[in-house]
Amino acid sequence: MLQPIYDEILGRNPGEAEFHQATRELLDSLGPVVARHPEYTDAGIIRRICEPERQIIFRVPWVDDAGQVQLNRGFRVEFNSTLGPYKGGLRFHPSVYLGIVKFLGFEQIFKNALTGMPIGGGKGGSDFDPKGRSDAEIMRFCQSFMTELYRHIGEYTDVPAGDIGVGGREIGYLFGQYKRITNRYESGVLTGKGISWGGSLVRTEATGYGTVYFANEILKNAGDSFDGKSVVVSGSGNVAIHAAEKVAALGGRVIACSDSSGYVVDEAGIDLDLLKEVKEVRRERISAYAEARGGSARFVTDGAVWDVPCDIALPCATQNELDEKHAVALVGNGCAVVAEGANMPCTPDAVRVFADAGVTFAPGKAANAGGVATSALEMQQNASRDSWSFAHTEERLEQIMIGIHARCLETADAYGAPGNYAAGANIGGFIKVADAMLALGVI
Ligand code: NDP
């Protein structure tokens, strides 16, 4: 019944493989929903939800340190504003094109709905590659990017944040330019800001911490815990580092992490202070961790980080980084839980391997929702001109993740897929948006 809708998506959005994958993954879960709710089909909800409300593509020219003019392309896809202003990060990475921004914006609709916060879904970014660029080049790029983006965003319209390649430094340059152009101190226009200029405590840590809180709920549900578990985390950026930090706090041992150049294995447990120094301060490749650590650590370029035996896997780098072959290796080595810190890091074939092997799989749209949820907490603090303590904000984050976990399980049960977190997340997020879309009419 949903195949015609998928065929229409393929026809309307040619060449956007990641977007096709994300929509297919949702549609695959919606069979029992359309059977029970014919009103969604009558109102064209599924077809409308798969079509962005607005897609903006713009030129981003800038001058590098050698005085050469450089050219990039900027994107903002404002996907769905039924529940609130568009909300979702900006990604700066050479792989960025419309299909990636649309997949991310699409996922964001349902993720944001699951948080229970009043935020719609959107995503943006650029094919700009920040690697090897000086601070001054990053600043000029961000200023040029915002010189176009500012007219499309706002506290009540569209609120971007960070993603791959966009952290506190970039948000600072973007916010500075927005403030300058508009002559307004509109803190609520961007999240992920620095603490002294409108940011929220815990926002930096939130996605990684939230993913681990979610995984912890899975373990608790099975009468288990992180205590003594070996954990492999992919990536070594914002999400990966803070996921590793929370695993360690809960008694687990992170024995491997990676970047796009390879991975490190450290049987003594990753030294998080050293990892932060290498990746966040020195901005070096992951091999520098192994060099500095010596003894217990080694840098590997063959195969994948998923070859390292572990109890729990947390993919926290990028989309489609964990395929069928990697899933087979994880299962063979006894991995029991996979929770996605990144967006769509596991391919559909990998997810199938996990399902067949009885490995518990938590999809990103549920497990990594702590980042955007804490962005919404940052917006609350901005709106009330308040700032909350670390402990209070973290407590809110933990409760939100516990709530999302429970909603996934309840929804999966209610729709005949007990224990299936992917079905629970897809259906739970979809129904929340679909009901609101019905109420707002055909717009
Ligand atoms: P960062 O830029 O901080 O880190 C990304 C990490 O992933 C780096 O270690 C990077 O390595 C690695 N990576 C990126 N692309 C590849 C690739 N093609 N192959 C191998 N490794 C790669 O980004 P974040 O930590 O913020 O984001 C990571 C994931 O989490 C993304 O999927 C993002 O969408 C998702 N996410 C992020 C949120 C946030 O709050 N930041 C919120 C929700 C989801 P290298 O440096 O070598 O490129």
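Residues numbered from 1 in each chain as written. Predicted model: local features only at pLDDT ≥ 70, side-chain atom pairs only at ≥ 80, totals over all residues. Heavy atoms only, no water.

**Some words on a nonpolar patch on the surface**
Reasoning step 1: Together, Ile-195, Leu-201 and Phe-390 give the surface a local cluster of nonpolar side chains, amounting to about 230 Å² of exposed area.
Reasoning step 2: Relative to the elements of secondary structure, Phe-390 occurs in helix 17 (residues 390-414).
Reasoning step 3: You can call Phe-390 partly exposed: its relative accessible area is 30%. (Patch = residues over 30% accessible without salt bridge, like charges linked within 9 Å, V, L, I, M, F, W, Y side chains within 5 Å. Areas by Shrake-Rupley, 256 points an atom, 1.4 Å probe, with all protein chains shown as cover. Salt bridge = Lys/Arg side-chain N within 4 Å of Asp/Glu carboxyl O. Helix = DSSP H or I, 4+ residues; strand = E, 2+ residues; numbered from the N terminus. Buried < 20%, exposed > 50% of the residue type's maximum accessible area, 1.4 Å probe, protein only.)

**Thoughts on the site of the ligand**
Reasoning step 1: Residues in close proximity to the ligand total 24 residues, the closest being Asp-163, Thr-207, Ser-260, Arg-285 and Asn-343.
Reasoning step 2: Within the side chain of Asp-163, an N or O atom sits 2.6 Å from an oxygen atom of the ligand.
Reasoning step 3: Interatomic distance of 2.8 Å between a side-chain N/O atom of Asn-343 and an oxygen atom of the ligand.
Reasoning step 4: For the ligand, the protein covers 83% of the area, taking 890 Å² as the surface of the free molecule.
Reasoning step 5: For the shell around the ligand, the secondary structure elements donating two or more residues are helix 9 (203-221), helix 10 (238-249) and strand 7 (253-259).
Reasoning step 6: By residue class, the composition of the shell around the ligand is five nonpolar, 13 polar and six charged.
Reasoning step 7: When residues of the shell around the ligand are sorted by domain, at least three fall in each of domain 1 (3-186) and domain 2 (206-362). (Near = heavy atom within 4 Å. Polar contact = N/O pair within 3.5 Å; in protein donor to acceptor, adjacent residues only side chain to side chain. Nonpolar A, V, L, I, M, F, W, Y, C, P; charged D, E, K, R; others polar. Domains from an automatic or database assignment.)

**A word on the sheet that holds strand 3 (residues 86-92)**
Reasoning step 1: Here five strands make up an open sheet; going across it, the order is 1-2-4-3-5 and the pairing mixed. What marks the edges here is a single partner per strand, and that holds for strand 1 (54-63) and strand 5 (158-161). Taking the axes of each pair of neighbouring strands and ignoring which way they run, one obtains an average angle of 20 degrees across the sheet.
Reasoning step 2: Bridge count between strand 3 and strand 5: four bridges; the pairing is parallel. Bridge pairing in strand 5 links Gly-88 to Pro-160.
Reasoning step 3: Sitting on the sheet, helix 6 (residues 98-115) is in contact with strand 1, strand 2 (69-80), strand 3 and strand 4 (121-126), with an inclination near 150 degrees to strand 4. (Pairing = 2+ DSSP bridges. Axes fitted to C-alpha atoms, helices over the stretch in contact; angles between N-to-C directions. Contact = heavy atoms within 4.5 Å.)

**Some points on the domain arrangement of the chain**
Reasoning step 1: One can read the domain layout of the chain as domain 1 (3-186) and domain 2 (206-362).
Reasoning step 2: Spacing between the C-alpha centres of domain 1 and domain 2 amounts to 26 Å.
Reasoning step 3: Counting residues at the interface gives 13 residues for domain 1 and 12 residues for domain 2.
Reasoning step 4: The contact between domain 1 and domain 2 buries some 920 Å² in all, and 46% of this surface belongs to carbon and sulfur atoms.
Reasoning step 5: At the junction of domain 1 with domain 2, the criterion picks out zero salt bridges.
Reasoning step 6: Taken together, the connections running from domain 1 to domain 2 amount to three residue pairs in polar contact (both at pLDDT 80 or more).
Reasoning step 7: For the side of domain 1 that touches domain 2, the elements supplying multiple residues, two or more each, are helix 2 (17-27) and helix 6.
Reasoning step 8: A per-element tally of the side of domain 1 that touches domain 2 places helix 6 first, with four residues.
Reasoning step 9: Its residues assigned to classes, the side of domain 1 that touches domain 2 comprises five nonpolar, one polar and seven charged. (Buried area = accessible area lost by both parts, 1.4 Å probe.)

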